[in-house]
Protein chains: 2
Amino acid sequence: MGRGKVELKKIENPTNRQVTFSKRRMGLLKKANELAILCDAQIGVIIFSGTGKMYEYSSPPWRIANTFDRYLKAPSTRFEEMDVQQKIIHEMTRMKDENNRLRIIMRQYMGDDLASLTLQDVSNLEQQIEFSLYKVRLRKQQLLDQHLLEMHHREMHIPGEQNNYLCHMVSHMYKLSPGLY
Amino acid sequence: MGRGKVELKKIENPTNRQVTFSKRRMGLLKKANELAILCDAQIGVIIFSGTGKMYEYSSPPWRIANTFDRYLKAPSTRFEEMDVQQKIIHEMTRMKDENNRLRIIMRQYMGDDLASLTLQDVSNLEQQIEFSLYKVRLRKQQLLDQHLLEMHHREMHIPGEQNNYLCHMVSHMYKLSPGLY
DNA sequence: AAAGCTATCTATAAATC
DNA sequence: TGATTTATAGATAGCTT
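The sections below set out a description of the structure shown in this document. Here the structure is a predicted model, which is why all the values come from computation and not from measurement. Numbering of residues starts from 1 in each chain and follows the order in which that chain's sequence is written. Throughout, the order in which chains and ligands are written sets their labels, letters from A for the former and numbers from 1 for the latter. Per-residue local features of the predicted model are confined to residues with pLDDT of at least 70, and side-chain atom pairs are confined, for both listing and counting, to 80 or more; whole-chain, interface and lining totals are unaffected and use all residues. Calculation of side-chain values draws on the structure's entire complement of heavy atoms; hydrogens and water are dropped beforehand.

What to know about the protein's contact with DNA strand C
The criterion, for reference: Throughout this document, a residue counts as near a molecule or strand when at least one of its heavy atoms sits within 4 Å of that molecule or strand. Side-chain atoms alone can form a polar contact between residues adjacent in sequence; in general such a contact is a pair of N or O atoms within 3.5 Å, and within protein one must be able to donate a hydrogen while the other accepts it. Every helix listed is a DSSP run of H or I at least four residues long, and every strand listed is a run of E at least two residues long, numbered separately from the N terminus. In this classification, Asp, Glu, Lys and Arg are treated as charged, Ala, Val, Leu, Ile, Met, Phe, Trp, Tyr, Cys and Pro as nonpolar, and every other residue, Gly included, as polar.
Looking at DNA strand C, there are 16 residues lining it, with Met-1, Lys-23 and Lys-30 of chain A together with Met-1 and Arg-3 of chain B nearest. The side chain of Arg-24 of chain A places a nitrogen or oxygen atom 2.9 Å from a phosphate oxygen of DNA strand C. Between DNA strand C and the protein, one listed contact pairs a sugar or linking oxygen with a side-chain N or O atom of Arg-3 of chain B at 2.9 Å. With six residues, the top contributor of residues to the surface near DNA strand C is helix α1 (residues 14-39) of chain A. The residue inventory of the surface near DNA strand C, partitioned by class, reads three nonpolar, five polar and eight charged.

Below, the structure is given as C-alpha cells:
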C-alpha cells in the first residue's frame, strides 16, 4: 500500500518503523472492530510495541478478559470435577518438568545451550539436524515443483509470455531465500 | 472494499456473513502478522466465530501464551482479582497449551508434519535449521580443538608416541561423523 | 460450503506542508 | 516532530462456477 511495495521484514529506520507501527496498529484495530460487528464475532487483540507499550482491543460489549478467559478454557480439561488438591499439585509439577525438558531439548536443537554436551552428544545432534534439514529441503522442493507446475499451466493460457515464467519463478525464489544466491 | 460500500452493522444473510467472516478473518490475521514483523511488535489475536469456533494468531515464531502472559502480568488486569483456584486453572491450562505447542514446533523442527506449512514457512524453517546446524558445528569444532590440545599436551610427556596423536584424532573424528569422509 | 474473478473501496508509504 | 495529501498496493463484496 502506499507509494511502494514493502517487503515483509523489520523496518530498520526507527522513525519509519514508529510511524508505520502507529498507522498499522490503528488499521488493525479498526479491522478487528469491523469483523466483530459485521460477522458477530468475539475478538481480542493485544499488541506490545517493541518498547513494551501495550495496546488492546476487545469486541464490544465484552471485555478483553472474557475473550482470553474463553481462550484459556477452550482447549482445557474440566477441573470442576477435580476434588483432590494433591492431584492438582502433582499434575502441575509433572507438566512443569515436562515443559522444562522440552524447552531444553528445543534450545539444544536450535544450537543454543550446548555447553553441557559432550563431543559425542554434539556430534549426534549434528547428525540429527542434518537429517531434519534434509527432510525440510525435500518438502521445500516438493512445494517449489508444485508451484512451478501451477505457474507453467497458467502460462499455457497466456500466449506471448511463455518465456517469462522461469524469470518469475527465479525472482520468487530469490525473495524467499535471498541468502542462497 | 469490493463492489459496494458496506455499512458497519451485522450482516443479516448468514451465507454472506460466513463468507465475509472467512475472508476478513484471514485479512486480519495477515495484517497482524505484517505489523508484528514490520514493526517488531508482539501481537496476539483471538477470534471466536458466532458459532464458537476459535481462531488465533500470535507473533512469530510461535507461542501465543507469551503474549497472554504479558497481558496477564500487565498492571491492573483482572488477574489480581481472581481467586487462587482460578489462577491455578489458568496456569495449568497455559502450561498444557504451551506444552502442545512446543511439541508441534519440535516435530516441525525435526522435519516432520510439514504438510500444513506454506512454501514461505518451509523456507524460513530451512534457514533456521541451517543456522542451528552452523551453531552446533561451531561448538563441535571447539570441542575438537580442545580435545586435540589435550592430547597434544599428553604426548609431550610421553616421548616415543609423538607422531601418533594425529592418527588417533583422525580415527576418532571418523567414528563421530563417518558421513563426512 | 469451496474456489476464482474483477470492480471497487480502503489502507497506507512517501511526499508535502 | 506531526498533520495532511496523494498515489498506489492491498483487501474484499458481489458474482460466477
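So, next bit.
Some points on the protein's contact with DNA strand D
Taken together, 16 residues are adjacent to DNA strand D, and Arg-3 of chain A together with Met-1, Lys-23, Arg-24 and Lys-30 of chain B come closest. Contact distances for DNA strand D include 3.4 Å between a base nitrogen and a backbone N or O atom of Arg-3 of chain B. At 2.7 Å from a base oxygen of DNA strand D is found a side-chain nitrogen or oxygen belonging to Lys-23 of chain B. Residue contributions to the surface near DNA strand D peak at six residues, all from helix α1 (residues 14-39) of chain B. Split by residue class, the surface near DNA strand D holds three nonpolar, five polar and eight charged.

Comments concerning the sheet that holds strand β1 (residues 42-48) of chain B
Paired through their backbone hydrogen bonds, the strands of a sheet run either parallel or antiparallel. Heads up, the rule is: Only when DSSP finds a minimum of two bridges between them are two strands counted as paired. Axes here refer to lines fitted to C-alpha atoms; in helices the fit is confined to the stretch in contact. Angles between the N-to-C directions go from 0 to 180 degrees. Any two residues whose heavy atoms approach within 4.5 Å are treated as being in contact.
In spatial order, the strands read β2(A)-β1(A)-β1(B)-β2(B); together these four strands make up an open sheet with antiparallel pairing. Edge positions in the open sheet fall to β2 (54-58) of chain A together with β2 (54-58) of chain B, since each of these has one partner strand only. Strand-to-strand twist in this sheet, taken as the mean axis angle between neighbours without regard to direction, amounts to 5°. Packing of α1 of chain A onto the sheet brings it into contact with β1 (42-48) and β2 of chain A together with β1 of chain B, and relative to β1 of chain A it is tilted by some 170°. Each of β1 of chain A together with β1 and β2 of chain B is contacted by α1 of chain B, which is oriented at about 170° to β1 of chain B, the strand it contacts most.

Side note on unusual backbone geometry
Residues and elements named next belong to chain A. Positive phi outside glycine occurs at Asp-40, with the angle close to 60°. Position of Asp-40 among the secondary structure elements: in the loop between α1 and β1. Even without a glycine there, the phi angle at Asp-113 is positive, about 50°. The residue Asp-113 is located in the loop between α3 (85-109) and α4 (119-156) in this model.

Observations regarding the interface of chain B and chain A
Our working definition: Here the quantity called buried area is the accessible surface, traced with a 1.4 Å probe, that two parts lose on coming together, added over both. Salt bridge, as used here, is a side-chain nitrogen of Lys or Arg placed within 4 Å of a carboxyl oxygen of Asp or Glu.
Across the boundary between the two partners, chain B contributes 93 residues, which contact 94 residues of chain A. Buried surface at the junction of chain B and chain A, summed over both partners, amounts to about 8700 Å²; 69% is from carbon and sulfur atoms. For the interface between chain B and chain A, the tally reads twelve salt bridges. As a salt-bridge pair, Glu-34 of chain A and Arg-24 of chain B come within 2.8 Å of each other at their nearest N and O atoms. At the boundary of chain B and chain A, one finds 23 residue pairs in polar contact (both at pLDDT 80 or more). Mapped onto the side of chain B that touches chain A, the elements with two or more residues apiece are α1, β1, β2, α2 (64-73), α3 (84-109), α4 (119-156) and α5 (165-176) of chain B. In terms of residues, the side of chain B that touches chain A owes the most to one element, α4 of chain B, which gives 20 residues.

Quick look at the pattern of salt bridges
Heads up, the rule is: Burial classes: relative accessible area under 20% of the type maximum marks a residue as buried, over 50% as exposed, and values in between as partly exposed (1.4 Å probe, protein chains only).
Counted by the stated rule, this structure contains 13 salt bridges over all chains. Among the ionic pairs, Lys-10 of chain B bridges to Asp-40 of chain A, the shortest N-O distance being 3.5 Å. In this pair, Lys-10 of chain B sits in the segment before α1 while Asp-40 of chain A sits in the loop between α1 and β1, so the two residues belong to two different chains. For Lys-10 of chain B, a relative accessible area of 32% translates into the label partly exposed. Lys-135 of chain B is the salt-bridge partner of Asp-112 of chain A, the closest N and O atoms lying 3.0 Å from each other. Placement of the pair is Asp-112 of chain A in the loop between α3 and α4 and Lys-135 of chain B in helix α4, with the two residues belonging to separate chains. Shared partners join several salt bridges into a network, and the residues in it are Glu-126 and Glu-130 of chain A together with Arg-137 and Lys-140 of chain B.

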